[in-house]
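The chain contents come next:
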Amino acid sequence: MSVRRVLCPGSFDPITNGHVDIIERAAALFDECIVAIFRNAAKAPLFEVRERVELCRQALAHLPNVRVEESDGLLADYARSRGVSALAKGLRVVSDFEYEVQMAHMNKRLAPEVETIFLVARPEHAFLSSSIVKDVARFGGDVSGLVPEPVRRALEAKFR
Ligand code: PNS
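Residues numbered from 1 in each chain as written. Predicted model: local features only at pLDDT ≥ 70, side-chain atom pairs only at ≥ 80, totals over all residues. Heavy atoms only, no water.

*Asks:* Quick question: what am I supposed to make of helix H6 (residues 149-158) here?
*Replies:* Every α-helix carries 3.6 residues per turn, so stepping three or four residues along brings you back to the same face. When we look at burial in H6, the residues that qualify are Pro150, Val151, Ala154 and Leu155. With its buried residues spanning 135° around the axis, H6 presents them on a single face. Those residues of H6 that are buried are in contact with helix H2 (49-59) and helix H5 (130-138). (Buried < 20%, exposed > 50% of the residue type's maximum accessible area, 1.4 Å probe, protein only. Helix = DSSP H or I, 4+ residues; strand = E, 2+ residues; numbered from the N terminus. Arc of directions from axis to C-beta. Contact = heavy atoms within 4.5 Å.)

What follows is the structure in structure tokens.
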């Protein structure tokens, strides 16, 4: 029987508890789950890619069928090269929908054999984003409970 593999792509700058929840749920539906860290051309990152990879690895160490990688290119090409059958994305609020559906259509055009599946964020994560977490941390606010502990420490070190 062939291995069923899912890809959870994102910029993860940094990974939040909302991301962890979506990845846990996607990983439970498939044999293998690849978390791929991409550069988002529209965003100037706080963390270098290698820092984001390390933080994701620490935050996801409890999930044996998850591995973390980085990529520079087109998501559709990467999905193909890894033989994934689906891309899993989280949906929080209606504003996510427009952006995510646009990307899903383009990815389907580029790699028709790869499906995009959406998992609805838990209500407690509906307003949680990497951007808002960075903004709170930048001004010394408490982000514990919103991000994994290694991320909280990394944010504290960044803004010390
Ligand atoms: O976490 P983000 O920033 O919302 O993730 C967006 C991401 C990285 C998934 C998207 O920017 C992406 O797919 N980048 C790779 C380049 C690509 O394939 N762009 C076309 C997407 S249709």
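Don't stop here, the text continues.
*Asks:* Just checking my understanding: could you explain the sheet that holds strand S5 (residues 115-120) for this structure?
*Replies:* Think of a sheet as strands paired side by side through backbone hydrogen bonds, with each pair either parallel or antiparallel. Read across the open sheet, the five strands follow the order S3-S2-S1-S4-S5; overall the sheet is parallel. Two strands in the sheet have a free side with no partner beyond their single neighbour: strand S3 (66-71) and S5. On average, each strand axis in the sheet is inclined to that of its neighbour by 30°, with strand direction left out of account. (Pairing = 2+ DSSP bridges. Axes fitted to C-alpha atoms, helices over the stretch in contact; angles between N-to-C directions.)

*Asks:* What is the right way to read H2 from this model?
*Replies:* By the burial criterion, the buried members of H2 are Val49, Arg52, Val53, Leu55, Cys56 and Ala59. Projection of H2 onto a plane perpendicular to its axis shows the buried side chains occupying an angular sector of 165°, all on one side. Of the surrounding secondary structure, the elements contacted by the buried residues of H2 are helix H1 (17-29), strand S2 (32-38), S3 and H6.

*Asks:* What's the story with the packing of aromatic side chains in this structure? I'm lost.
*Replies:* Two descriptors summarise a pair of aromatic rings, namely the distance from one centre to the other and the angle between the planes of the rings. By the definition in use, this model includes one aromatic pair. Aromatic side chains Phe38 and Tyr78 sit 5.7 Å apart centroid to centroid with 85° between the ring planes, which places their arrangement in the edge-to-face category. In this pair, Phe38 is assigned in strand S2 and Tyr78 in helix H3 (residues 75-81), connecting sequence segments 40 residues apart. (Phe/Tyr/Trp six-rings, centres within 6.5 Å; stacked < 30°, edge-to-face > 60°.)

*Asks:* I'm lost on the pairing of strand S1 (residues 5-10) in this one. Help?
*Replies:* In regular strands, side chains alternate between the two faces of the sheet. With six bridges connecting them, S1 and S2 associate as parallel partners. Bridge pairing in S2 links Leu7 to Ile34. As for the winding sense of the linkage, the β-α-β connection from S1 through H1 to S2 is right-handed. Note that S1 and strand S4 (residues 86-91) share two bridges and pair parallel. Each bridged residue has a counterpart across the sheet, and for Val6 the counterpart in S4 is Ala86. (Right-handed = clockwise from strand over helix to strand, strands pointing away.)

*Asks:* Any chance you could explain the site of the ligand here in plain terms?
*Replies:* Close to the ligand lie Gly10, Ser11, Phe38, Asn40, Lys43, Gly73, Leu74, Leu75, Tyr99, Met103, Met106 and Asn107. Within the side chain of Lys43, a nitrogen or oxygen atom sits 2.7 Å from an oxygen atom of the ligand. One of the backbone nitrogen or oxygen atoms of Leu75 is found 2.8 Å away from an oxygen atom of the ligand. Its free accessible area being 540 Å², the ligand has 81% of it covered by the protein chains. Grouping the constituent residues of the shell around the ligand by class yields six nonpolar, five polar and one charged. (Near = heavy atom within 4 Å. Polar contact = N/O pair within 3.5 Å; in protein donor to acceptor, adjacent residues only side chain to side chain. Areas by Shrake-Rupley, 256 points an atom, 1.4 Å probe, with all protein chains shown as cover. Nonpolar A, V, L, I, M, F, W, Y, C, P; charged D, E, K, R; others polar.)

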